[in-house]
Amino acid sequence: MEKIENTFGKLKDYAEILQLFKSGSTIMFGGFGGVGTPPTLVDLLIESGARDLNLIGNDAGFPTIGIGKVVCKGMVNKLIASHIGSNPIAGQQMTDGRLEVEFNPQGTLVERIRAGGVGLGGILVDVGINSDVVTKHKQFAKVAEQNYIIESSLTADISIVYAKKADPYGNLIFDKSARNTNPLVAMAGDITLVEVEEFVPVGTLDPEEIITPGVYVDYMIQSKGVNWTWVWNPAYGT
């Protein structure tokens, strides 16, 4: 890695980041099926020993990839996600009553995260409005003679994000499907931690290619490498 100026003190070592993870925290994570979920930050979360966590993200990852490693360690009380089918251990924990899972349609989930990131209190949706689950557990609103479900916005104590490149200010770009949900998650954490594949000097990134501006980023670390590049193998499709 090229040595660059540590502007605003955003570049941190692993020991400094380790201290930020606390039991009982709500952790939001980027990625989709483990791809784009920051593996070094996941390992630091496990190393911290934090328990009774509440997680928010697209899915439960796989048992050995993505946030699934945290779930399989029994560190999580509740998961808000769109599905958990890729992680059978998460499914067993849910069945056994050891893991509370709140399922959301994928579009609703990411919009709740986006709403949290921009400071909205919630969103109005009509997906599943006639289901028994929604009727029992949700609030409703009528706008222009149309009924909607009120879904609260989602925020977290800490958001963890993976980026392809970053400059010292924390401006970020992402790579392929690893971009999934990461830009939204970066906006919705009280503290946003970014694992970066490659740091570049100020002025290197074209402003037009920056996806997440550094104003959303609190701290960054160097990635130790990812464990999900198999998904980009031509045999699996891109």
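The structure under discussion appears in the preceding block.
This report concerns the structure included in the present document. Quantities reported herein were computed from a predicted structural model and do not represent experimental measurements.

### As for the nonpolar core
Part 1: In this structure, Phe21, Leu55, Val70, Leu79 and Ile160 are the most contacted members of the largest nonpolar core, which totals 28 residues.
Part 2: Elements supplying a minimum of two residues to this core: α1 (14-18), β1 (26-29), α2 (39-48), β2 (53-56), α3 (68-72), β3 (76-81) and β8 (156-166).
Part 3: Per-element accounting of this core gives the leading share, four residues, to α2.
Part 4: In this structure phenylalanine 21 touches Ile27, Leu41, Leu44, Leu45, Ser48, Ala50, Ile158, Ile160 and Leu193, once residues within four positions along its chain are discounted.

### Focus on the side chain of threonine 37
Part 1: With respect to the helices and strands, the residue threonine 37 is situated in the loop between β1 and α2.
Part 2: Using a relative accessible area of 2% as the deciding quantity, one classes threonine 37 as buried.
Part 3: Of note is the side chain of threonine 37, whose polar atom sits 2.7 Å from the backbone oxygen of glycine 30.
Part 4: Among all residues touching threonine 37, those that are not within four sequence positions of it are Phe29, Gly30, Gly31, Val42, Gly66, Ile67, Tyr162 and Trp228.

### Topic: the environment of isoleucine 27
Part 1: On the secondary structure map, isoleucine 27 appears in strand β1.
Part 2: Its relative accessible area of 0% is what places isoleucine 27 among the buried residues.
Part 3: What isoleucine 27 contacts, discounting residues up to four positions off in sequence, is Phe21, Leu53, Asn54, Leu55, Ile56, Ala156, Ile158 and Ile160.

### Focus: the pairing of β8
Part 1: Most of β8 sits inside the fold, with eight of its eleven residues counted as buried.
Part 2: Sheet analysis places β1 next to β8, joined by three bridges and oriented parallel. For methionine 28, the partnering residue across the bridge sits in β8 and is serine 159.
Part 3: As paired elements, β8 and strand β10 (residues 189-199) share nine bridges and run parallel to each other. Of the residues in β10, the one forming a bridge with serine 159 is threonine 192.
Part 4: Looking at chain direction, β8 and strand β9 (residues 172-173) are connected through two bridges and run antiparallel. Along β9, the bridge assignment pairs lysine 165 with isoleucine 173.

Conventions we followed
Residues numbered from 1 in each chain as written. Predicted model: local features only at pLDDT ≥ 70, side-chain atom pairs only at ≥ 80, totals over all residues. Heavy atoms only, no water. Core = buried A, V, L, I, M, F, W, Y, C linked by side-chain atoms within 4.5 Å. Buried < 20%, exposed > 50% of the residue type's maximum accessible area, 1.4 Å probe, protein only. Helix = DSSP H or I, 4+ residues; strand = E, 2+ residues; numbered from the N terminus. Contact = heavy atoms within 4.5 Å. Polar contact = N/O pair within 3.5 Å; in protein donor to acceptor, adjacent residues only side chain to side chain. Pairing = 2+ DSSP bridges.

Function cannot be inferred from these measures alone, as they are strictly geometric.
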